[in-house]
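So the chains spell out like this:
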Amino acid sequence: MSNIGSYDNRLHDFSWKIAEQELGYRPGDTINIGWYCSDRICQLGKADKIALIWEGHDENSTRTYSFNDIRILSNTIGAFLRNLGIHDGDRVCLFMDKIPELYIGLLGILKIGAVVQPLFSAFGDESLFIRLENAGTKAILTTRQHAPKIQKILATLPDLQYIILVDDDGTKALKAKEIAFSLDRALPVEHLDVFPTKAESPSLLHYTSGTTGQPKGVKHVHYSLISQYLTAKWALDLQEDDLYWCTADPGWVTGTSYGIIGPWSLGITQCVKDSGFSAETWYRFIEKHKISMWYSAPTAIRSLMKAGDNLVKRFDLSSLRHLASVGEPLNAEAVVWSEKVIGKPFHDTYWQTETGSIMISNFPGMKIKPGSMGKVFPGLTAALLDPDTFEIITEVNKPGLIAFQFDWPARLRTYWKNEETFQKKFRNGWYLTGDRSTIDQDGYFWFIGRDDDVINTVGHLVSPFEVESALLEHKAVAESAVVAKPDEVNMEVVKAFITLKPGFVASDELELEIMNFIRKKLSPLAMPQEIEYVDTLPKTRSGKIMRRLLHAKEWGEDTGDLSTLEND
Ligand code: WT7
């Protein structure tokens, strides 16, 4: 029996009070996600239950942590930070691979009322700088491997006071602002005064990319727990005896909302594998730990499909009970494939960094329509709006902009230091997701595409603006335009069109050099997979580069009426 039971029944009399009551929260109370995910679970009698089974590259590196371990170790990190003078409201960045300190550190930071800023460990110094500077980050928890990227930009970050190395053995020389810290050697803190955060106290700052301007810091609050708890329970169907694997990195919102907060607030055991993708490694991980609930992403699923059906047969995947996916369109074939080959279909879920929790989903027990994102979570009011008038579309199967009434607990509260852009997300009282879809006669949403130029590669958003700006910093590049290029597995990849400065000659070596330049500066995700040298870029009369035209060509689409583009 699924947690949600009957979806239709849940629609009646829905109230977020269901989650509030289950969590023992009353309006006005203090609410601290760090406490809810560890102390409370211990108080419920689950102190000895395994919270985390962690495995590194090496299969024999497995470590397990009980909820009591997580409680004490997050206290320990919290107390350490507090002793440094970090207090409520300060921004503390987590910049490391998927090691236990990342998961435990997140709770520790929240426990002292500070704001967590998780950043993907593959970010280069430019990506890092933009985000640390915008957040005015005071401390950063990282590892020896990643610290040099911070050292490189340290002089330009006046607010950054501490670089805390969580894997330091205390024997090596420390550089400017570096402090060594080790969870293994620190004195365990049995009791910590958890900061009395309230519903609207800031909790997390996740950065996301838009079409124009710098990445935006999505501000979340502790009350988001209400949504994350209930969606993890009803949409992901997490159950008491589950062994849950969320493949997302906590540098991105899936890895925090459903890779830490949702499951641990429910007292669920989760497994983490800190290694890159390999079909074999993944299947072996499921088999070894008897994973029962698996939350992953379409690019990974397509890669598994590519690895072939025979490989699947070599493993015992019978422990799997429920599968879900997020981040990009999940093609119908992937759903049909997983049902046939793995024996269970992937349930698509749709949401965003901004929404903080699942908004649309193929719920357990509900008929899955392969290729559809499913239906809205109970309690949400969704509509499709006409792109020109922003009026509600009532016609079935007519494309429109996905919009929501802005009233669910995990909604973003603003973009950090960018209220103006936040306000632009609203029309006629609706929150606009920036995505287009249709709704069929049964209320299922069918994704069409984004309403902007942002590139969704491997389920991660890359801003063409950011890549173009970085390209211009390369000595050979005069002008650039960056668009999405279709890709069989990654759905989209980054493609750059560039014109060269006088004195530079197009060559394969230069292409490689520019690619690496972006990979190091921004990230492997933002690195163009292809660079096309052109003599000129198409421009409007006012001199704006016509990305849309280049995009349409890449996708073999009609380039439309060029005269209107020229007048943009
Ligand atoms: C964008 C949000 C929060 C999940 C991780 C990504 C696209 C997300 C789906 C889906 C088609 C999807 C949308 C959305 N997206 N889920 N099931 N089907 N597209 O969070 O980086 O903020 O990206 O990802 O375009 O707006 P994000």
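Residues numbered from 1 in each chain as written. Predicted model: local features only at pLDDT ≥ 70, side-chain atom pairs only at ≥ 80, totals over all residues. Heavy atoms only, no water.

Novice: It is not clear to me how helix α6 (residues 100-111) should be interpreted in this structure. Could you clarify?
Specialist: With 12 residues, α6 ought to run about 16 Å at 1.5 Å a step, and its terminal C-alpha atoms sit 17 Å apart, in line with that. When α6 is considered as a whole, its buried residues turn out to be Pro100, Glu101, Leu102, Tyr103, Ile104, Gly105, Leu106, Leu107, Gly108, Ile109, Leu110 and Lys111. Immediately downstream of α6, the backbone of Gly113 shows phi near 80 degrees, a positive value. (Helix = DSSP H or I, 4+ residues; strand = E, 2+ residues; numbered from the N terminus. Expected span 1.5 Å × (residues − 1). Buried < 20%, exposed > 50% of the residue type's maximum accessible area, 1.4 Å probe, protein only.)

Novice: I would appreciate a short explanation of the nonpolar core in the present structure.
Specialist: Burial of nonpolar side chains together is a common tendency in soluble globular proteins. Core analysis: the largest hydrophobic core is formed by 100 residues, its most contacted members being Trp264 and Tyr295. Those residues in contact with Trp264 that sit more than four places away from it in its chain are Tyr36, Cys37, Ile41, Ala51, Leu52, Phe67, Ile70, Tyr103, Leu107 and Gln270. With 38 residues, the next largest nonpolar core counts Leu132, Ile153, Ala496 and Met527 among its residues. (Core = buried A, V, L, I, M, F, W, Y, C linked by side-chain atoms within 4.5 Å. Contact = heavy atoms within 4.5 Å.)

Novice: Honestly, the domain arrangement of the protein chain in this entry has me stumped. Any pointers?
Specialist: The figure often quoted for interface size is the accessible area lost as the parts come together. For the protein chain, the assigned domains read domain 1 (7-437) and domain 2 (455-566). A C-alpha centroid distance of 30 Å is found between domain 1 and domain 2. Of the residues lining the interface, 25 residues belong to domain 1; the matching set on domain 2 comes to 21 residues. At the boundary of domain 1 and domain 2, one finds 2 salt bridges. Counting across the domain 1 and domain 2 interface gives 10 residue pairs in polar contact (both at pLDDT 80 or more). Going through the elements one at a time, α7 (125-135) and α12 (298-307) are the ones with two or more residues in the side of domain 1 that touches domain 2. With 5 residues, the single largest contributor to the side of domain 1 that touches domain 2 is α7. In terms of residue class, the side of domain 1 that touches domain 2 is made up of 7 nonpolar, 12 polar and 6 charged. (Domains from an automatic or database assignment. Salt bridge = Lys/Arg side-chain N within 4 Å of Asp/Glu carboxyl O. Polar contact = N/O pair within 3.5 Å; in protein donor to acceptor, adjacent residues only side chain to side chain. Nonpolar A, V, L, I, M, F, W, Y, C, P; charged D, E, K, R; others polar.)

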